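The chain contents come next:
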Amino acid sequence: MQVHIRYLAALRDRLGAGETTLDLPGEITDSEALIAHLTSADVAAAALAAPEIRLIRNDRIVTRPSPLDDGDRLAFCPPFTGG
Amino acid sequence: MQVHIRYLAALRDRLGAGETTLDLPGEITDSEALIAHLTSADVAAAALAAPEIRLIRNDRIVTRPSPLDDGDRLAFCPPFTGG
Amino acid sequence: MTTDILVTPDPLDAAALIAALTGTHPDDGAMASFVGQVRAEPGLEALELEHYPGVTETALTELREQAISRWSLSQALIHHRVGRMAIGETIVVVAASAPHRRAALEAVSFLIDRLKTEAPFWKRVHTKDGSHWVAARDSDTSASQYWRDQIAQEDA
Amino acid sequence: MTTDILVTPDPLDAAALIAALTGTHPDDGAMASFVGQVRAEPGLEALELEHYPGVTETALTELREQAISRWSLSQALIHHRVGRMAIGETIVVVAASAPHRRAALEAVSFLIDRLKTEAPFWKRVHTKDGSHWVAARDSDTSASQYWRDQIAQEDA
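The present account deals with the structure reproduced in this document. For clarity, every value in this text was computed on a predicted model and none was experimentally measured.

A look at the pattern of salt bridges
Here is step 1 of the chain: Enumeration over the complete set of coordinates arrives at 34 salt bridges over all chains.
Here is step 2 of the chain: A salt bridge links A:Arg12 to D:Glu50, with the nearest nitrogen and oxygen atoms 2.7 Å apart. With A:Arg12 in helix α1 (residues 10-15) and D:Glu50 in strand β3 (residues 44-51), this pair bridges two chains.
Here is step 3 of the chain: Under the relative-accessibility criterion, A:Arg12 is labelled partly exposed at 27%.

Spelled out as structure tokens, the structure:
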């Protein structure tokens, strides 16, 4: 399946690309498997596994682990610091 | 000794006179003895003995029982209800 | 320049007071405020606030100083109206600013809770049939006592 | 008419928002507000707020609805600025009104505490030597968790 991935704020600085589209192997069905897959290509992606990293899936803030579907728009976010 | 007494808000309505000056017998040296003395002349003054009645003495809010001195300006107050 | 403590028969402008406290101290990240206003109640035509001139201002000044000291506030004000007022009119404005939000929020809670039971104001409700004094609420006494206990614990 | 939820790159006028919420609902005896503003810090020249358009507004709308439901608020608003701002400028305004003060005060605490950890905003500090992202504070996480626990207890 194919997913669109964005890294926001500090993660964008750390992981480089602001936006990318990936074709994923069939065994990847949730967010944590995706993070492991990303880490195999770029060790810096291991930072995404930290429990404080939030996931926005198709414009909804979701809890991890989150299931994934073909065509998902995902955004990995550092902890929010508004207000 | 002589004291000036005021009754404020609901107590003024209840006890009539807004302001009075009294010559007190020598044995009266604190607020609670004064209340007993006032009650002997006007039974309605017994309401002053209720613990929620506050006393302002010479423009300071004081705790009861409070000592009294010649020339004191006293004000008996129902519970405050501002804000 | 805003007066920190004010007891006045004139209408209060909460927004102007809050404007005076925002963006004025570079170390302040937080400003909290509370506005009390006359609430509609069955039969209520006007609310009248009586106070004890001089003693009231002293009581408010002491509460303000306690709050500034306890929460290290940069700014704090209490403006209270007296006399007769209509539904929707502002009775009291409390505001506090500090470097961090918890200090500002707690200080405002403290000031309004303590003001209700420690400053000599009395409310009277006017209806078309006459008027009556407002009774003290047990919940106000409890809220005020909460802060008294908090402070007693810290001083112990 | 004031917008209840707003995320904007334009300056916020806290006083105007507060003015819009006072004296407007006859059943409201209490209006509480919080204003967050850019605090001076060593080297800070500007603060920049990034957000996630759309998702941020949804998160703020949900927090507002939770507060209205839990505290039976008559009115509640959250306005948050994004982009670059200078020391003293307003970052966020939260305000709530209700019949009684405890509801208004608690709702404002809830809204600002939860907003800090549940709405996708990120702060970046600009200094003359460059810029860095602001780290999340443990105390913010704790404050937000407090309200999550409170609500979980009530729902249980």
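Thoughts on the arrangement of the chains
Here is step 1 of the chain: Contacts are most numerous between chains C and D, considering all three pairs of chains that are in contact.
Here is step 2 of the chain: Kept free of each other, chain A and chain B leave a smallest C-alpha distance of 29 Å between them.
Here is step 3 of the chain: Chain D makes no contact with chain B, the minimum C-alpha separation between the two being 10 Å.

Brief notes about the sheet that holds strand β2 (residues 19-23) of chain B
All names here are of chain B.
Here is step 1 of the chain: Ordered in space as β2-β1-β5-β3-β4, the five strands form an open sheet in which the pairing is mixed. In this open sheet, the two edge strands, each paired with only one partner strand, are β2 and β4 (60-62). Within the sheet, the average angular offset between the axes of one strand and its neighbour, ignoring direction, is 30°.
Here is step 2 of the chain: When strand β3 (residues 54-57) meets β4, the two strands line up antiparallel, connected through three bridges. Bridge pairing in β4 links isoleucine 56 to isoleucine 61.

Description of the sheet that holds strand β8 (residues 130-133) of chain D
Residue and element names in this part refer to chain D.
Here is step 1 of the chain: Strand order in this open sheet of four strands is β5-β3-β7-β8, and the pairing throughout is antiparallel. Of all the strands in the sheet, the pair left with one neighbour each is β5 (83-85) and β8. With strand direction ignored, the average angle separating the axes of adjacent strands in the sheet is 25°.
Here is step 2 of the chain: One ladder, built from seven bridges, connects β3 with strand β7 (residues 121-127); its direction is antiparallel. For leucine 47, the partnering residue across the bridge sits in β7 and is valine 125.

Re the side chain of D:Arg114
Residue and element names in this part refer to chain D.
Here is step 1 of the chain: Mapped onto the elements, arginine 114 comes out in helix α3 (residues 101-118).
Here is step 2 of the chain: The side chain of arginine 114 sits in the buried core without any salt bridge; glutamate 118 is the nearest counter-charge, 4.2 Å away.
Here is step 3 of the chain: A distance of 2.9 Å separates the side chain of arginine 114 from the side chain of serine 144, its partner in a polar contact.
Here is step 4 of the chain: In this structure arginine 114 touches Leu63, Ala119, Ser144, Trp147 and Arg148, once residues within four positions along its chain are discounted.

Some details on the packing of helix α3 (residues 101-118) of chain C against α3(D)
Here is step 1 of the chain: Orientation of α3(C) relative to α3(D), taken along the N-to-C sense of each, is 175°, at an axis distance of 11 Å. In terms of their interaxial angle, α3(C) and α3(D) are classed as roughly antiparallel. Packed against α3(C), whose contacting residues are C:Arg101, C:Arg102, C:Leu105, C:Val108, C:Ser109, C:Ile112, C:Asp113 and C:Lys116, the element α3(D) presents D:Arg101, D:Arg102, D:Leu105, D:Val108, D:Ser109, D:Ile112, D:Asp113 and D:Lys116 at the interface.

Some thoughts on the interface of chain D and chain C
Here is step 1 of the chain: The interface of chain D with chain C comprises 36 residues on the first partner and 36 residues on the second.
Here is step 2 of the chain: Summed over both sides, the interface of chain D with chain C buries roughly 2900 Å², with 51% coming from carbon and sulfur.
Here is step 3 of the chain: For the pair chain D and chain C, the number of links is six salt bridges.
Here is step 4 of the chain: D:Asp140 serves as the salt-bridge partner of C:Arg101, at 2.9 Å between the closest nitrogen and oxygen.
Here is step 5 of the chain: Where chain D packs against chain C, one counts 21 residue pairs in polar contact (both at pLDDT 80 or more).
Here is step 6 of the chain: Of all the secondary-structure elements, those providing two or more residues to the side of chain D that touches chain C are α1 (14-21), β2 (30-37), α3 and α4 (138-155) of chain D.
Here is step 7 of the chain: Split into classes, the residues belonging to the side of chain D that touches chain C amount to 17 nonpolar, 10 polar and nine charged.

What to know about the packing of aromatic side chains
Here is step 1 of the chain: Taken as a whole and assessed by the stated rule, the structure comprises 12 aromatic pairs over all chains.
Here is step 2 of the chain: Ring centres of B:Phe80 and C:Trp122 lie 5.6 Å apart, and the angle between their planes is 75°; on these two criteria the pair is classed as edge-to-face. In this pair, B:Phe80 sits in the segment after β5 (73-77) while C:Trp122 sits in strand β7 (residues 121-127), so the two residues belong to two different chains. Of the two residues, B:Phe80 and C:Trp122, both sit in the buried class.
Here is step 3 of the chain: Judged by centre distance (5.0 Å) and plane angle (75°), the rings of C:Tyr146 and C:Trp147 are edge-to-face.
Here is step 4 of the chain: By relative accessible area, C:Tyr146 is classed as partly exposed at 43%.
Here is step 5 of the chain: Given a relative accessible area of 5%, C:Trp147 falls into the buried group.
Here is step 6 of the chain: Three or more aromatic residues joined by ring pairs make a cluster, and in this case those are C:Trp71, C:Phe110, C:Tyr146 and C:Trp147.
Here is step 7 of the chain: In this structure, A:Arg6 packs its charged tip against the face of D:Tyr52, placed 5.2 Å from the ring centre.
Here is step 8 of the chain: The ring of C:Trp71 is capped by C:Arg70, whose NZ or CZ atom sits 4.7 Å from the centre of that ring.

Parameters at a glance
- Residues numbered from 1 in each chain as written.
- Chains lettered and ligands numbered in written order.
- Predicted model: local features only at pLDDT ≥ 70, side-chain atom pairs only at ≥ 80, totals over all residues.
- Heavy atoms only, no water.
- Salt bridge = Lys/Arg side-chain N within 4 Å of Asp/Glu carboxyl O.
- Helix = DSSP H or I, 4+ residues; strand = E, 2+ residues; numbered from the N terminus.
- Buried < 20%, exposed > 50% of the residue type's maximum accessible area, 1.4 Å probe, protein only.
- Contact = heavy atoms within 4.5 Å.
- Pairing = 2+ DSSP bridges.
- Axes fitted to C-alpha atoms, helices over the stretch in contact; angles between N-to-C directions.
- Lys, Arg positive; Asp, Glu negative; His and termini not counted.
- Polar contact = N/O pair within 3.5 Å; in protein donor to acceptor, adjacent residues only side chain to side chain.
- Parallel < 35°, antiparallel > 145°, perpendicular 65-115°, else oblique.
- Buried area = accessible area lost by both parts, 1.4 Å probe.
- Nonpolar A, V, L, I, M, F, W, Y, C, P; charged D, E, K, R; others polar.
- Phe/Tyr/Trp six-rings, centres within 6.5 Å; stacked < 30°, edge-to-face > 60°.
- Lys NZ or Arg CZ within 6 Å of the ring centre and 35° of its normal.

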